[in-house]
Amino acid sequence: MSIGIIDYGLGNLTSVEGAVRRVGFDCVISSDPSVLEKAEKLILPGVGAFGDGMRNLVERGLDEPLTDFVLNKAVPILGICLGFQLVAKESEEFGHHEGLGWVDATVQRLRPDDPELRVPHVGWNDLIQCSASPLYEDVPDDALFYYVHSYRLSAGDESLVVGEADYGGRFPAVIRKNNIHAVQFHPEKSQKHGLKMLENFLVRA
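Figured I'd write up the structure that's included with this text. On a predicted model such as this, the values are computed, not experimentally measured, just so you know. (Residues numbered from 1 in each chain as written. Predicted model: local features only at pLDDT ≥ 70, side-chain atom pairs only at ≥ 80, totals over all residues. Heavy atoms only, no water.)

Moving on, we come to the pairing of strand E12 (residues 161-166). Extensive coverage of E12 is indicated by the burial of 5 of its 6 residues. By the bridge criterion, 2 bridges tie strand E9 (residues 128-129) to E12 in an arrangement that is antiparallel. Counterpart to Ile128 in the pairing with E12 is Glu164. Note that E12 and strand E13 (residues 170-177) share 5 bridges and pair antiparallel. Residue pairing for E13: Val161 is matched across the bridge by Ile175. Between E12 and E13, which follow one another and run antiparallel, lie 3 residues, and Gly168 among them has a positive phi close to 65°. (Buried < 20%, exposed > 50% of the residue type's maximum accessible area, 1.4 Å probe, protein only. Helix = DSSP H or I, 4+ residues; strand = E, 2+ residues; numbered from the N terminus. Pairing = 2+ DSSP bridges.)

Along helix H4 (residues 63-72), the residues that are buried comprise Leu66, Phe69 and Val70. One face of H4 carries all of its buried residues, which in axial projection span an arc of 85°. Among the exposed residues of H4, those oriented more than 90 degrees off its buried face are Glu64 and Asn72. The inward-facing, buried residues of H4 abut strand E1 (3-6), helix H2 (33-36), strand E3 (41-44), helix H3 (50-59), strand E4 (77-80) and strand E14 (180-183). (Arc of directions from axis to C-beta. Contact = heavy atoms within 4.5 Å.)

Remember, this is a structural readout, not a statement about activity or role.
Dropping the structure here:
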């Protein structure tokens, strides 16, 4: 199986590549749509600001080809962290920015109810499995995952949300729409449960 990791200039690409290889799959890191088009599954990682991410996708000519691959050709894709947010319609991070628009959601500032909780939200936290996902096979309900983010998804369509986390209030941590899967945390940094989730995407999604 060919796995394409999308390079748009942001994110821990080598960490994701290492995790994919660790669970037994070959992959290619590329910003070339003609290379990514050959992939049977895609991963959209990312660390950084929403506006920078979208600008890089547009400048590299990736936004329209990826939309074609995902929405028209139904190629399974996994968004990670910033990649989780970029699939939304828009973000308020450092101004207003349009997203890829693949799902009915917006990105808003993370505002914990507890004033002692700091933003960004950094570290290990829970994952509340709200509804079925192929990512959850053999992942226990009490599994912890590694988060690093200051913004959160707000779903216009609640059926998108298949997993939540709690940090002074619940927020979406896993979403799914048909072939689109995305996680707010970093599975590649989340030890055995993160690797199992990544493997589940590659095998079952």
